[in-house]
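The residues making up each chain are set out below.
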Amino acid sequence: MTLPMSDPTAWATAMNNLGMAPLGIAGQPILPGTEYIMIDLSAVSNNKINWAMEDNQDMVNIIETVYRDFDPALGMMTGIPPITPMMPGLGIVPPPIPPDMPVVKEIIHCKSCTLFPPNPNLPPPATRERPPGCKTVFVGGLPENGTEQIIVEVFEQCGEIIAIRKSKKNFCHIRFAEEYMVDKALYLSGYRIRLGSSTDKKDTGRLHVDFAQARDDLYEWECKQRMLAREERHRRRMEEERLRPPSPPPVVHYSDHECSIVAEKLKDDSKFSEAVQTLLTWIERGEVNRRSANNFYSMIQSANSHVRRLVNEKAAHEKDMEEAKEKFKQALSGILIQFEQIVAVYHSASKQKAWDHFTKAQRKNISVWCKQAEEIRNIHNDELMGIRREEEMEMSDDEIEETTETKETEESGKALVSQAEALKEENDSLRWQLDAYRNEVELLKQEQGKVHREDDPNKEQQLKLLQQALQGMQQHLLKVQEEYKRKEAELEKLKDDKLQVEKMLENLKEKESCASRLCASSQESDYPLEKTMNSSPIKSEREALLVGIISTFLHVHPFGASIEYICSYLHRLDNQICTSDVEGLMSRLQHTFKQEMTGVGASLEKRWKFCGFEGLKLT
């Protein structure tokens, strides 16, 4: 059944929320046997549904119920949760999400397990750098009771699975058919998985999905890159071949018929270059023999006839070039004359009579314009002089050629004498022109000198102002030099004062050191007894009593005793005796007590012995 549809987007949203795929969206319906129906919902509200068959009252009730729960303002039906990209039964790629928009994940129900989304406030799970051509993912945090069938059930929604390598330590590696399927699998990272409705710890886990590096993926990626490189090389080669200029057509082989054609082409000026190339190729190939020598000679003779034509064309072009040069020189000289007139206007405006009536801004503009015009005039003048120098050099070369030509004409005959005379007349006319140009240049230089002389009063005023400014600067420099000398004298005085103070400080330090030495010597002479007392190893009466008791104890033990044994005996007399104090006292009395190492290996220990009788002899 098909009905007219006025709002296709609303209908598609409604069918998506129901879990049924409308026309144009790939997927499987949830209920088997469900048909795709295109309905105008506005017709439902206006009771204008016209059914094709009268026995479909159940379908009418269903559609009216759907429309009653449908909210056209929101584009979804109340009471039905929105569809998620990972819903089972829908092979839909997740839509692109803006980077600043938080991703809201929904609960995913599978046949044997349920996936609960992570806390949206937590940061996204960390992933490693994506390897090139990655099609394999690492999945950690699987339940202990999870099987390969459950893994396939969860991750087959992301795409076609090629291989699964499961470990006994609650993780596995999954290899997909395409690279984009890995991005869909990473969408499940952070989800909590629960097998069935069990709450046992072995039936739950938190998925961690990350990129994995596999040799097969790298090999396929490298093969793909090599294929792309081959395609790129092929494309470039085709492009180069397309842009390459076409090769010249092959030269035909020699025959009598082709020889006659080439001979006709050699007589035509427009086809001469093509025919000469063919003739050259035939001669290089070795086509000349006794039978074809006459034909080749006639073709060479016709090629030679073009020499006179080419010489005449060259002479015509040279004549055109000389005429163009002459026109250029005349135009350039006219431009120079106009520049001279403009510069003369600027100089006359800068004279005292007219200069005082202009404002400062106008004077500045006139001076700038004058400088620019003079620079441009000088550039054009240099260019014109360069052209004339070149002509003079050409004329000198022509004179040399003329001398050689006269010798040749005397030898050859009187016919060339007339040509030499004509050339001499042309040279004379050119020399006269040069003399005229030189006279013009001298006149221009004289005019420039006059203009500079008229500007002399202004220059004198400027020189006077510059002299006054220089005098003021010289006076200022003299003042600065005087101040510099005065400050140098003050610095020398300060240095002398500093040296005197340093000498006085050294004398005072010597006196203080002598006084301290005298005090130290007097103290040593006054208190010799205190030094002797301080230098003795026994500092108090208590230490003397301890020395007597320890020596009596060690005299009874001729083989010595350890410090712990000695201190245990002394603790019976006084509990406040410290082991470190006793050992320090005995170590100070080297002539009374001595320490020896006894035993071997693990039984090695330190023992103290009494050596007072031997030490009495030594002291």
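For the structure, see preceding data.
Residues numbered from 1 in each chain as written. Predicted model: local features only at pLDDT ≥ 70, side-chain atom pairs only at ≥ 80, totals over all residues. Heavy atoms only, no water.

> Give a description of the overall build of the protein that names residues and reports values.
Assigned secondary structure in the protein consists of 19 helices and 12 strands. For the protein, the residues scored as buried account for 23% of the 619 residues in total. Taking as baseline every contact in the protein between residues at least 6 positions apart, the subset at least 24 positions apart corresponds to 62%. Only carbon and sulfur atoms are counted for the fraction: they give 56% of the accessible area of the protein, which is about 45800 Å². (Helix = DSSP H or I, 4+ residues; strand = E, 2+ residues; numbered from the N terminus. Buried < 20%, exposed > 50% of the residue type's maximum accessible area, 1.4 Å probe, protein only. Contact = heavy atoms within 4.5 Å. Areas by Shrake-Rupley, 256 points an atom, 1.4 Å probe, with all protein chains shown as cover.)

> Explain the nonpolar core to me, using residue names and the numbers behind them.
V139, V154, F155, I174, F176 and L188 are the most contacted members of the largest nonpolar core, which has 30 residues in total. Residue assignment for this core shows that the elements contributing at least two residues are β4 (113–116), β5 (136–140), α4 (148–155), β7 (171–176), α5 (180–186), β8 (192–195) and β10 (208–211). Leave out the neighbours within four places in its chain, and I174 touches K135, T136, V137, V139, I151, F155, I161, A163 and I164. By size, the runner-up hydrophobic cluster in this structure holds 17 residues, among which are I550, I563, I577 and F593. (Core = buried A, V, L, I, M, F, W, Y, C linked by side-chain atoms within 4.5 Å.)

> Now, about the packing of aromatic side chains: what can you tell me, with residues and values included?
Summed over the entire model, instances satisfying the criterion amount to eight aromatic pairs. Taken together, a centroid distance of 6.3 Å and an interplanar angle of 40° make the contact between Y187 and Y191 tilted. The exposure class assigned to Y187 is buried, which follows from its relative accessible area of 16%. A centroid spacing of 6.2 Å and a plane angle of 65° characterise the contact between F593 and F610, whose relative ring orientation is edge-to-face. Taken together, the positions of F593 in strand β11 (residues 593–598) and F610 in strand β12 (residues 605–610) put the pair 17 residues apart, joining distant regions of the chain. Members of the aromatic cluster, each reached through a chain of ring pairs, are Y254, W282 and F296. (Phe/Tyr/Trp six-rings, centres within 6.5 Å; stacked < 30°, edge-to-face > 60°.)

> Can you lay out empty space enclosed by the protein for me, pointing to particular residues and giving the numbers?
Taken as a whole and judged by the stated rule, the model has three cavities of 30 Å³ or more. What lines the largest cavity is simply P131, P132, G133, C134, A212, Q213, A214, D217 and L218. Along the lines of polarity and charge, the residues of the lining of the largest cavity split into six nonpolar, two polar and one charged. (1 Å grid on protein atoms, 1.4 Å probe; cavity = no way out; pocket = protein on both sides within 12 Å on 5 of 7 lines; lining within 4 Å. Points joined across faces, edges and corners; volume = space filled by probe spheres on them. Nonpolar A, V, L, I, M, F, W, Y, C, P; charged D, E, K, R; others polar.)

> Tell me what's going on with a negative patch on the surface, and back it up with residues and numbers.
A cluster of acidic side chains, namely E318, D320, E322, E323, E390 and E394, defines a negative patch on the protein surface. No other element matches helix α10 (residues 306–349), which puts four residues into the negative patch. Looking at where E323 falls in the secondary structure, it is placed in helix α10. For E323, a relative accessible area of 41% gives the class partly exposed. (Patch = residues over 30% accessible without salt bridge, like charges linked within 9 Å, V, L, I, M, F, W, Y side chains within 5 Å. Salt bridge = Lys/Arg side-chain N within 4 Å of Asp/Glu carboxyl O. Lys, Arg positive; Asp, Glu negative; His and termini not counted. Charge placed at Lys NZ, Arg CZ, Asp CG, Glu CD.)

> I'd like to hear about the pattern of salt bridges, residue by residue, with values.
One side chain can pair with another of opposite charge once the charged atoms of both are near each other. By the definition in use, this model includes 18 salt bridges. Note that E220 is salt-bridged to R175, the shortest N-O span being 2.8 Å. Separated by 45 residues along the polypeptide, E220 in helix α6 (residues 215–243) and R175 in strand β7 bring together distant segments of the chain. In this structure, K594 and E596 form a salt bridge, with 3.4 Å as the shortest nitrogen-oxygen distance.

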